Amino acid sequence: MLREFTCIMCPQGCEISVDIEKDTIVGVSGNRCPKGKEYVTQEIVNPMRNIASSVLVTGGELPLASVRLTRPIPKNRIFDVMAEIRKVCLTAPVQAGDVVISDVLGLGSDVILTKTVE
């Protein structure tokens with residue numbers, strides 16, 4: 001089976017073709033740097049994603065504060081992590097950089113604030 005990817009690892013945006021047989025990568029072509037092969041291998045073997053969202057804040061100048069993960073998580077766990085983020089309601093003031101959820105769902109990534117709300 002042939003799968004096509006557009007690499008996002010550098011500004012070149014290579015169109016990469018990956019030949020897969022029985023869950024094994026047998027060929028990669030189209031990448032102009034080693035990062036492209038690493039990217040498509042990661043996407044096929046264990047796709048990871050980062051999340052940016054927001055949490056409720058009571059008693060502050062804004063009703064929401066933006067959050068993000070400190071490192072990517074497995075793609076298949078996005079909805080689980082978002083369910084945890086939706087449970088959060090903070091009381092102002094909150095500071096950018098504060099950890100909102102430590103090691104969310106044991107995935108090795110923290111949810112941190114990216115917006116200060118006084």
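This text goes with the structure placed above it.
Residues numbered from 1 in each chain as written. Predicted model: local features only at pLDDT ≥ 70, side-chain atom pairs only at ≥ 80, totals over all residues. Heavy atoms only, no water.

Enquirer: Looking at this structure, how should I read the environment of Gly27?
Expert: Mapped onto the secondary structure, Gly27 falls in strand β3 (residues 24–29). If we ignore the near neighbours within four places in the chain, the residues touching Gly27 are Ser17, Val18 and Asp19. (Helix = DSSP H or I, 4+ residues; strand = E, 2+ residues; numbered from the N terminus. Contact = heavy atoms within 4.5 Å.)

Enquirer: For this particular structure, what's the right way to read the state of the cysteines?
Expert: One way to say it: the disulfide is the covalent bond shared by the sulfur atoms of two cysteines. In this structure the tally under the stated criterion is zero disulfides. Just so you know, Cys7 is unpaired, no disulfide at all, and the nearest cysteine sulfur is the one on Cys10, 5.7 Å from it. The structure places no disulfide on Cys14, whose sulfur is separated from the nearest cysteine sulfur, that of Cys10, by 5.7 Å. (Disulfide = S-S within 2.5 Å.)

Enquirer: For this particular structure, what's the right way to read helix α1 (residues 34–45)?
Expert: For an α-helix, the turn length of 3.6 residues means that residues three or four places apart are oriented alike. With twelve residues, α1 should cover 16 Å at 1.5 Å per step; its first-to-last C-alpha distance of 17 Å lies within 8% of that length. Looking at α1, one finds that the buried residues are Gly36, Tyr39, Val40 and Glu43. When α1 is viewed along its axis, its buried side chains cluster within an angular range of 90° and face the same direction. When the buried face of α1 is taken as reference, the exposed residues oriented beyond 90 degrees from it are Pro34, Glu38 and Val45. Those residues of α1 that are buried are in contact with β1 (2–6), β2 (15–21), β3 and β4 (48–49). (Expected span 1.5 Å × (residues − 1). Buried < 20%, exposed > 50% of the residue type's maximum accessible area, 1.4 Å probe, protein only. Arc of directions from axis to C-beta.)

Enquirer: Would you mind showing me how to read the side chain of Ser109 here?
Expert: Structurally, the position occupied by Ser109 is in the loop between β9 (99–101) and β10 (111–113). A distance of 3.4 Å separates a polar atom in the side chain of Ser109 from the backbone nitrogen of Thr70. Look past the residues within four positions of Ser109 in its chain and what remains in contact with it is Leu69, Thr70, Arg71, Ile73, Ile101, Asp103 and Val104. (Polar contact = N/O pair within 3.5 Å; in protein donor to acceptor, adjacent residues only side chain to side chain.)

Enquirer: What is the right way to look at helix α2 (residues 78–86) in this model?
Expert: Of all the positions in α2, only Val81, Met82 and Ile85 are classed as buried. Along α2, the residues classed as buried sweep out an arc of 100° about the axis, all on the same side. Away from its buried face, by an angle of more than 90 degrees, α2 presents the exposed residues Phe79 and Arg86. Against the buried residues of α2 lie β5 (52–58), β6 (64–69), β7 (73–74), β9 and β10.

Enquirer: Looking at this structure, how should I read the pattern of salt bridges?
Expert: For side chains of opposite charge, pairing can occur when their charged atoms come near one another. Counting across every chain of the model gives three salt bridges. A salt bridge links Glu84 to Lys87, with the shortest nitrogen-to-oxygen separation between them at 2.9 Å. (Salt bridge = Lys/Arg side-chain N within 4 Å of Asp/Glu carboxyl O.)

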